[in-house]
Amino acid sequence: MHALRVRVGLLGLALLAGLSAPATATAAPAAPAPTVEELRLDKAVPQEILTRSGFDAVAPRLARLLTDARSYAQARRIVVREGTALWRRAVDRAQGRGPAGGDLSRDDDRPLYWARLGLSREVRTWEPEFGLGEAQHSALLDSLERTSRGQTGIGYPRTGGLKRVLVTGFDPFTLDRDIRISNPSGASALALDGTVIETADGPARVEAVVFPVRWRDFAEGTVERTLRPYLPRVDLFATVSQGRVGRFDVERTNGAWRGGFADNENVGDTGTIPVADPAGQPQWTTTTLPYAAITAAGTGRFPVYDNTSVTEIPAGGTAPVVRPDGPTAGSLARAGGGGDYLSNEIAYRATLLRDRLGLHERLPGGHVHTPVLQFGAGNTTEVTDPEFVRNRLDIVAQVRAILAVAAGE
């Protein structure tokens, strides 16, 4: 009996010890982390661009508003409102409306880019007390992306006799090489959005949007989702990006190939461009822009070329071959006239969508490459200079003139 009492006592002590001991720790879910793009925000150049444009208060304002949100629905309304306001503010600034907010040239596209990343970092790292599921977090980020890129604000007036033109631009890219970079296609989108241009065939209303330089967004269908509702209703579309030094190019042919160059998340992707219904995917698509009229017109200080070259693997071959006059029958694409990066891909996707919608014969559309936007000679550190601003203004003006020629045909 004594031995039994001892054993029972020891068991009781063990149970008490077990009840009082802390439970085995379980790993807490990792806090959302900023992306590679968002981490660049902390560098000196982005902060200077935001401060010198007055866009430095955009992200802190969203952070304050989200702090007061008490539900996902309320948070979504805030994000949509602030994303839309950022796009409109950038467009107004570029077109001379409202305060400049600082001494940075109004035509600059970079305040929009860096301010958007500030907003996305706030949303991505926000952890409200009421809790957000992964799908809800992703939906908030998607709403922010679409609204702050003008993708939800496309609207043409019902006025008769007004042609409809849709233009796309891109974010700055190769920022690890030079974080000061601006993208003249994005600047053109801001300068043109909502404007009316005069053409030989009457006035035309331009609506513009901007796309990210990220492979994953394109694979997820951002181009098709944005353009599909509008291509059947417009009279002309042009995807625009930065291309070669000192020249514009109207790209005649686009290829179904990703070449793997790193995007703004430092991710590369190589292979056939992923699209819906890949079984019916062509290796090549072509422009329906009036390239002969565009190249013959005097649109500005930079020469404009009809670029017909591609890189292909010929039918039955194994090695890539450069073809100056376009692809040969049965060949596999390895680069369109615009290369094998996202500029070629947006051209391919937009023109493939045009064709799949049955619009090839009636809708002019294709890709225009602008000159590389260059800083003044000797400027390797300053975020802007007079030649840099002049180059961007000249490129934007020539994009407008090219569109006027194309829409007037």
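None of the values given here were measured: they were computed from a predicted structure.

(A) Geometry of the confidence of the model for the protein chain. The share of residues in the protein chain with pLDDT of 70 or more is 92%, and the mean pLDDT across the chain is 93. Contacts of residues 1-28 to residues separated by more than four positions or lying in other chains number zero contacts, the stretch itself having pLDDT below 50.

(B) Representation of the sheet that holds strand β3 (residues 202-211). The mixed open sheet is built from seven strands, whose spatial order is β2-β3-β1-β4-β14-β5-β10. Of all the strands in the sheet, the pair left with one neighbour each is β2 (196-199) and β10 (304-307). Shown here is a sheet whose adjacent strand axes are inclined to one another by a mean of 30 degrees, direction ignored. Two strands pair when backbone bridges link them, and strand β4 (residues 236-242) and strand β14 (residues 365-370) are joined in this way by six bridges, in the parallel orientation. Within the sheet, the bridge partner assigned to Q242 lies in β14 and is T370.

(C) Highlighting the packing of helix α5 (residues 72-94) against helix α7 (residues 134-148). Contact geometry for α5 and α7: axes closest at 7 Å, N-to-C directions at 20 degrees. Considered as vectors, α5 and α7 are oriented roughly parallel to each other. The crossing of α5 and α7 is right-handed. Together, Y72, A75, R76, V79, V80, G83, T84, L86 and W87 of α5 and Q136, A139, L140, S143, L144, T147 and S148 of α7 make up the contact between the two elements. In terms of residue class, the contact of α5 with α7 is built from nine nonpolar, six polar and one charged.

(D) Fine view of the packing of aromatic side chains. Under the definition given, this model contains nine aromatic pairs. With centroids separated by 4.9 Å and ring planes inclined at 70 degrees, the aromatic side chains of Y113 and W114 adopt a geometry described as edge-to-face. A relative accessible area of 0% means that W114 is categorised as buried. For the pair F375 and F388, a centre-to-centre distance of 4.1 Å together with 5 degrees between the ring planes defines the contact as stacked. Of this pair, F375 sits in the loop between β14 and α13 (386-408) while F388 is found in helix α13, placing the two residues 13 residues apart along the sequence. For the pair shown, F375 and F388 are each scored as buried. Through a chain of ring-to-ring contacts, the aromatic side chains of F173, W215, F261 and Y341 assemble into a single cluster. One cation-aromatic arrangement involves R180 over F375; the distance from NZ or CZ to the ring centre is 3.9 Å.

(E) Region of the structure containing the sheet that holds strand β11 (residues 310-313). Spatially, β12-β11-β13 is the arrangement adopted by the three strands of the open sheet, whose pairing is antiparallel. Taken across any chain shown, the strands that pair with only one partner, and hence form the sheet edges, are β12 (321-323) and β13 (332-335). In this sheet, neighbouring strand axes are inclined to one another by 45 degrees on average, regardless of whether the strands run parallel or antiparallel. The pairing of β11 with β12 spans three bridges and is classified as antiparallel. Pairing of E312 across the sheet is with V321, part of β12.

(F) Helix α12 (residues 342-356), seen in detail. Taking 1.5 Å as the rise per residue, α12 with 15 residues should run 21 Å; its terminal C-alpha atoms sit 20 Å apart, in good agreement. Summarising burial for α12: 13 of the 15 residues are buried, a large majority. Looking at the residues trailing α12, positive phi occurs at G358, about 75 degrees.

(G) Representation of the side chain of H367 in the model. For H367, the location among the structural elements is in strand β14. When neighbours within four sequence positions are excluded, H367 is seen to be in contact with T239, V240, S241, D249, V250, E251, T287, L289, S343, I346 and A347.

(H) Looking closely at the environment of A85. Mapped onto the elements, A85 comes out in helix α5. Residue classification places A85 among the partly exposed residues on the basis of a relative accessible area of 40%.

(I) Focus on helix α8 (residues 184-192). Counted residue by residue, α8 has nine buried out of nine residues, so it is predominantly covered. Every buried residue belonging to α8 is among P184, S185, G186, A187, S188, A189, L190, A191 and L192, and all of these are buried. Just downstream of α8, G194 is the residue with a positive phi angle, here 80 degrees.

(J) Local environment of the pairing of β14. Counting buried residues in β14 gives six out of six residues, a clear majority hidden from the surface. Sheet analysis places strand β5 (residues 248-251) next to β14, joined by three bridges and oriented antiparallel. Of the residues in β14, the one forming a bridge with D249 is H369.

(K) Region of interest: unusual backbone geometry. The backbone phi angle of N266 is positive, close to 60 degrees, even though this residue is not glycine. Relative to the assigned elements, N266 resides in the loop between β7 (257-259) and β8 (270-272). Of note in this structure, D277 is not a glycine but carries a positive phi near 55 degrees. Positionally, D277 belongs in the loop between β8 and β9 (284-286).

Conventions we followed
- Residues numbered from 1 in each chain as written.
- Predicted model: local features only at pLDDT ≥ 70, side-chain atom pairs only at ≥ 80, totals over all residues.
- Heavy atoms only, no water.
- pLDDT = per-residue confidence, 0-100.
- Contact = heavy atoms within 4.5 Å.
- Pairing = 2+ DSSP bridges.
- Helix = DSSP H or I, 4+ residues; strand = E, 2+ residues; numbered from the N terminus.
- Axes fitted to C-alpha atoms, helices over the stretch in contact; angles between N-to-C directions.
- Parallel < 35°, antiparallel > 145°, perpendicular 65-115°, else oblique.
- Left-handed = near helix turned anticlockwise from the far one by under 90°.
- Nonpolar A, V, L, I, M, F, W, Y, C, P; charged D, E, K, R; others polar.
- Phe/Tyr/Trp six-rings, centres within 6.5 Å; stacked < 30°, edge-to-face > 60°.
- Buried < 20%, exposed > 50% of the residue type's maximum accessible area, 1.4 Å probe, protein only.
- Lys NZ or Arg CZ within 6 Å of the ring centre and 35° of its normal.
- Expected span 1.5 Å × (residues − 1).

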